[in-house]
Amino acid sequence: MKKVLFINGCVRGEHSRTLRLAQTYLAKLREKEKLELQERNLSEEKLNFLTYKDFDRKTGEVGYSNISLAQEFAAADEIIVAAPFWEFLFPAVVSTYLEMISIAGITFKYTATGSVGLCRAQSLTYIYSVGAYLTEEDKLCEKYMQKLTTLYGIPEFHVIAAEGLDIDPTQAETIVKEVCQKIKG
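Let us look at the structure shown here. (Residues numbered from 1 in each chain as written. Predicted model: local features only at pLDDT ≥ 70, side-chain atom pairs only at ≥ 80, totals over all residues. Heavy atoms only, no water.)

1. Let's talk about the packing of helix H1 (residues 17–32) against helix H5 (residues 172–184)
Where H1 meets H5, the axes come as close as 9 Å, and the angle between the chain directions of the two elements is 20°. Judged on the interaxial angle alone, H5 and H1 are roughly parallel. Taken as a pair, H1 and H5 cross one another with a handedness that is right-handed. Contact residues: H1 offers Arg17, Arg20, Leu21, Thr24, Tyr25 and Lys28, while H5 offers Ala172, Glu173, Val176, Lys177, Val179, Cys180, Ile183 and Lys184. A breakdown of the residues in the contact of H1 with H5 according to their chemical character gives 7 nonpolar, 1 polar and 6 charged. (Axes fitted to C-alpha atoms, helices over the stretch in contact; angles between N-to-C directions. Helix = DSSP H or I, 4+ residues; strand = E, 2+ residues; numbered from the N terminus. Parallel < 35°, antiparallel > 145°, perpendicular 65-115°, else oblique. Left-handed = near helix turned anticlockwise from the far one by under 90°. Contact = heavy atoms within 4.5 Å. Nonpolar A, V, L, I, M, F, W, Y, C, P; charged D, E, K, R; others polar.)

2. Examining the side chain of Thr24
Considering the arrangement of structural elements, one finds Thr24 in helix H1. Apart from the residues within four sequence positions on either side, Thr24 is in contact with Cys180, Ile183 and Lys184.

3. Considerations on the packing of aromatic side chains
Overall, the coordinates contain 8 aromatic pairs when judged by the stated rule. Between the aromatic rings of Phe73 and Tyr152, the centroid separation amounts to 5.1 Å while the plane-to-plane angle is 70°, which identifies the pairing as edge-to-face. You can see Phe73 sitting in helix H2 (residues 67–75) and its partner Tyr152 sitting in the loop between helix H4 (140–151) and strand E7 (156–162), a full 79 residues away along the chain. Accessibility assignment for this pair places Phe73 and Tyr152 in one class, buried. Taking 6.3 Å as the distance between ring centres and 80° as the angle between the ring planes, the aromatic pair formed by Phe90 and Tyr126 counts as edge-to-face. Of the two residues, Phe90 sits in the loop between strand E3 (78–82) and helix H3 (92–101) while Tyr126 sits in strand E6 (residues 123–129), which places them 36 residues apart along the sequence. Phe90 gets classed as buried once you look at its relative accessible area, which sits at 5%. Residue classification places Tyr126 among the buried residues on the basis of a relative accessible area of 0%. Taken together, Phe85, Phe88, Phe90, Tyr126, Tyr128 and Tyr144 form an aromatic cluster joined through their ring pairs. (Phe/Tyr/Trp six-rings, centres within 6.5 Å; stacked < 30°, edge-to-face > 60°. Buried < 20%, exposed > 50% of the residue type's maximum accessible area, 1.4 Å probe, protein only.)

So, to be careful, I would describe these as geometric facts and stop short of saying anything about function.
So this is what it looks like as structure tokens:
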């Protein structure tokens, strides 16, 4: 059975357009094969970004409080990250989660020739919605997520996005439905 990890960074909960896209994608995955789905709702997690107090004063090594999140991430066969586009990236809780799971020796390691990913997943799918239409230059969220996917050693990176949702609010529902139809195939 395929182990799928769903990282839910949709802080608006049931009102999130990004979450609707992700739910459609997950439904499509369930149609194809049997899944063991683990959801991490980041709004419900106790996540703290790293600060000076997290480092050992003598060695400089970071003391991770929740290694289990990184181990869970590294063990998944497929990863889906759903997070709305906010100020060219995504909500801070998603950045904090990514910081917490980026642990050398668990999700990647350092070698003399550079870093090597240790994650088992074959693909990471990043799903988001945004109020405007983005230029390639604006898509920092995609570039950042793709770089991390490479760091973790995950060979495939996919993006599902719904753009232009707030330009004409009367068209937002139509756009979301169109993207959901594309997901369904």
